[in-house]
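Next come the chains, spelled out residue by residue.
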Amino acid sequence: MKFVDEYRDAQLAQRMAKAIAEITTQPWTIMEICGGQTHSIIKYGIDQLLPEEVTLIHGPGCPVCVTPVTLIDRAIAIASHPQVILCSFGDMLRVPGTDKDLLSIKAKGADIRIVYSPLDCLKIAQANPESEVVFFGVGFETTAPATALAVYQAKQQQIRNFSLLASHVRVPPAMEAILSSPQCRVQGFLAAGHVCTVMGYTEYEPLVDKYQIPIVVTGFEPVDILQGLYHCIEQLENKTEAVTLDNQYSRSVRREGNLGAQNLMHQVFEVVSRTWRGIGEIPDSGLGLRADYVHWDAEKRFADWIDPNPPVLTTECISGEIMQGVKKPHDCPAFGTRCTPEHPLGAPMVSSEGACAAYYRYRGIESINGRLARGVRVRH
Ligand code: SF4
């Protein structure tokens, strides 16, 4: 398949890894933002191809993982009402709330449906005029345009039994939160190619200037990621020139992004602060519905159903530290023992983009024993 197969070429990947080894003279720690990139890295063993000086750490780019417990609890509270049909993406159903998940209340009779597009919810709303159809919308700037379109169309068509429980988040403020943390050990970023396809990369340029850190917009296939790493390390090694923002994913990303999608998002959403699971509140890191769309805002319409003082959850899950690059999944004492995909304690073990799920699926017992970082590296 064009634009896929050539980016999975094993010989090309080996050559890229060799080129990285040839330019690397000292330790570097690089964070890939997106959970999709994390899965590619672990699935294809990209980290094991790199020279031992290069450490990859995994960022907060798994939308399911960063959805806070309070919002899961709100979704559960809303879905528990008999007149509600709650729709979401499949990964959300098994993410633990305070004491249950959406799947467990579905088993007890709640009408919870998996959809592949927020627009499906409008059809469900029209087919069920006696019900309230609520879309639990999670995701970064990649999925936000489709959610915005659903809300926009609901208003245009006056579909008034549809509403949105919004949990959309923005990448640049999360990167700034990581960079400004005293614990930060990130020296370069691979930015998420699909987010930049929508948003472009002008929002990232101030981060490069402020923190003097290279950012490379990068795709998701093995050769993409290795090319992104090469561009990042090349900059880090070259101390005579200023760091810049590079675009490895130019087959999809333009500097200005998709202006049509951005305009639609701007019409429907405004920037709000958002709490990230395991990390805490990050200013300006979320998207909430504008006042013009208050009728379609599930949190406002069903405020009486939501506990204003939710219990504070204590958990052994260290997902916040993993998503900030401070620890890796196998550093969690529960990994692979008390926490597995069948019995997840935290969202990163549930989501198809979660770092813990990637390590469990592709590294298994190797990760459990904590041998990954010291294990089978290819020397050049
Ligand atoms: S292994 Fe489970 S408990 Fe540990 S950080 Fe990952 S999701 Fe959380």
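What this report covers is the structure whose coordinates are included nearby. Please read all numbers here as calculations on a predicted model, not as lab measurements.

**Considering the environment of Thr24**
Looking at the element boundaries, Thr24 is found in the loop between helix H1 (10-23) and strand S1 (28-34). Overall, Thr24 belongs to the buried group, its relative accessible area being 10%. Counting along the chain gives 324 residues from Thr24 to Pro348, while the straight-line C-alpha distance between them is 31 Å. Leave out the neighbours within four places in its chain, and Thr24 touches Pro51, Glu53, Val54, Ile233 and Glu237. Among the polar contacts listed, one links the side chain of Thr24 to the backbone oxygen of Ile20, at a separation of 2.6 Å.

**Section: the sheet that holds strand S2 (residues 54-61)**
The five strands lie next to each other as S2-S1-S7-S8-S9, forming an open sheet whose pairing is parallel. In this open sheet, the two strands that pair with only one neighbour each are S2 and strand S9 (245-247). For this sheet, the mean inter-axis angle between neighbouring strands, taken without regard to orientation, is 20°. One ladder, built from three bridges, connects strand S8 (residues 215-218) with S9; its direction is parallel. Note that in S9 the partner of Val216 across the bridge is Asp246.

**Some details on the site of the ligand**
Around the ligand, the neighbouring residues are Cys317, Ile318, Ser319, Ile322, Cys332, Phe335, Cys339, Leu345, Gly346, Pro348, Met349 and Cys356. Comparing atom positions with the cavity grids shows the ligand to sit within the largest cavity. Across the shell around the ligand, the residue classes tally to ten nonpolar, two polar and no charged.

**Some details on empty space enclosed by the protein**
Empty space among the atoms can be located by rolling a probe the size of a water molecule over them. One pass over the structure, following the stated rule, counts four cavities of 30 Å³ or more. The calculated volume of the largest cavity comes to roughly 100 Å³. In terms of lining, the largest cavity is formed by 14 residues, of which the most central are Cys317, Ile318, Cys332, Cys339 and Cys356. Across the lining of the largest cavity, the residue classes break down as eleven nonpolar, two polar and one charged. Within this model, the second largest cavity holds a volume of roughly 60 Å³. Of all elements in the fold, only helix H2 (35-44), S2 and helix H15 (319-323) reach the threshold of two or more residues within the lining of the second largest cavity. Along the lines of polarity and charge, the residues of the lining of the second largest cavity split into six nonpolar, five polar and one charged.

**Topic: the packing of aromatic side chains**
One pass over the structure, following the stated rule, counts five aromatic pairs. Where Phe140 meets Trp276, the ring centres are 5.9 Å apart and the plane angle is 55°; that geometry is what we call tilted. Highlighted residues: Phe140 in the loop between strand S5 (132-139) and helix H8 (144-156) and Trp276 in strand S10 (residues 269-276), separated in sequence by 136 residues. Across this residue pair, the class does not change: Phe140 and Trp276 are buried. Each ring, one from Phe335 and one from Tyr360, has its centre 6.2 Å from the other, and the planes form 65°; the classification is edge-to-face.

**What about the pairing of strand S6 (residues 162-169)?**
Along S6, eight of the eight residues are buried, which leaves the element largely enclosed by surrounding structure. With burial as the criterion, each face of S6 is covered, one bearing Phe162, Leu164, Ala166 and His168 and the other bearing Ser163, Leu165, Ser167 and Val169. Of the pairings in the sheet, the one linking S5 to S6 comprises seven bridges and is parallel in character. Paired with Gly139 across the two strands is His168, which belongs to S6.

**Remarks on the sheet that holds S6**
Strand order in the open sheet made by the six strands is S4-S3-S5-S6-S11-S10, with mixed pairing throughout. Lying at the two open borders of the sheet, with one neighbouring strand each, are strand S4 (111-114) and S10. Averaged over all pairs of adjacent strands, the angle between their axes in this sheet comes to 25°, without regard to strand direction. Here S10 runs beside strand S11 (residues 280-289); their pairing, made up of seven bridges, is antiparallel. Its bridge partner lying in S11, Val271 is registered against Leu287. Running at roughly 170° to S6, helix H5 (residues 69-79) makes contact with strand S3 (84-88), S4, S5, S6 and S10 of the sheet. Strands S5, S6, S10 and S11 of the sheet are contacted by H8, whose axis makes an angle of about 155° with S6.

Rules used throughout
Position labels on residues start from 1 in each chain and follow its written sequence. Under the rules for a predicted model, residues below a pLDDT of 70 receive no local features and side-chain atom pairs below 80 are neither given nor counted, while totals for whole chains, interfaces and linings still include all residues. Side-chain figures throughout are based on the complete set of non-hydrogen atoms in the structure, without hydrogens or water. A run of H or I in DSSP becomes a helix once it reaches four residues, and a run of E becomes a strand once it reaches two; helices and strands are each numbered from the N terminus. Any residue under 20% of the maximum accessible area for its type is buried, any over 50% is exposed, and the rest in between are partly exposed; the area is computed with a 1.4 Å probe on protein chains only. What makes two residues a contact is simply this: any of their non-hydrogen atoms within 4.5 Å. Each polar contact in these results corresponds to two N or O atoms within 3.5 Å; when the atoms are within protein, one needs to be able to donate a hydrogen and the other to accept it, and residues that are neighboring in sequence are counted only if both atoms are side-chain atoms. The pairing criterion for strands is at least two bridges between them, as found by DSSP. Axes here mean lines fitted to C-alpha atoms, for a helix over just the part in contact, with angles spanning 0 to 180 degrees between N-to-C directions. Throughout, near means a residue has at least one heavy atom within 4 Å of the molecule or strand. Whether a set of points on the 1 Å grid over the protein atoms alone is a cavity depends on a 1.4 Å probe fitting there but being unable to get out, while an open set qualifies as a pocket with protein on both sides within 12 Å along at least five of seven lines; lining residues are those with an atom within 4 Å of a point. For this analysis, a molecule is said to be in a pocket or cavity if more than half of its atoms are within 2 Å of the grid points defining it. Classes in brief: Ala, Val, Leu, Ile, Met, Phe, Trp, Tyr, Cys and Pro nonpolar; Asp, Glu, Lys and Arg charged; the others, Gly included, polar. Grid points are joined across faces, edges and corners, and a volume is the space filled by probe spheres set on the points. Each Phe, Tyr or Trp ring (for Trp, its six-membered ring) is paired with any other whose centre lies within 6.5 Å, and the angle between the two planes then decides the class: stacked below 30 degrees, edge-to-face above 60, tilted in between.

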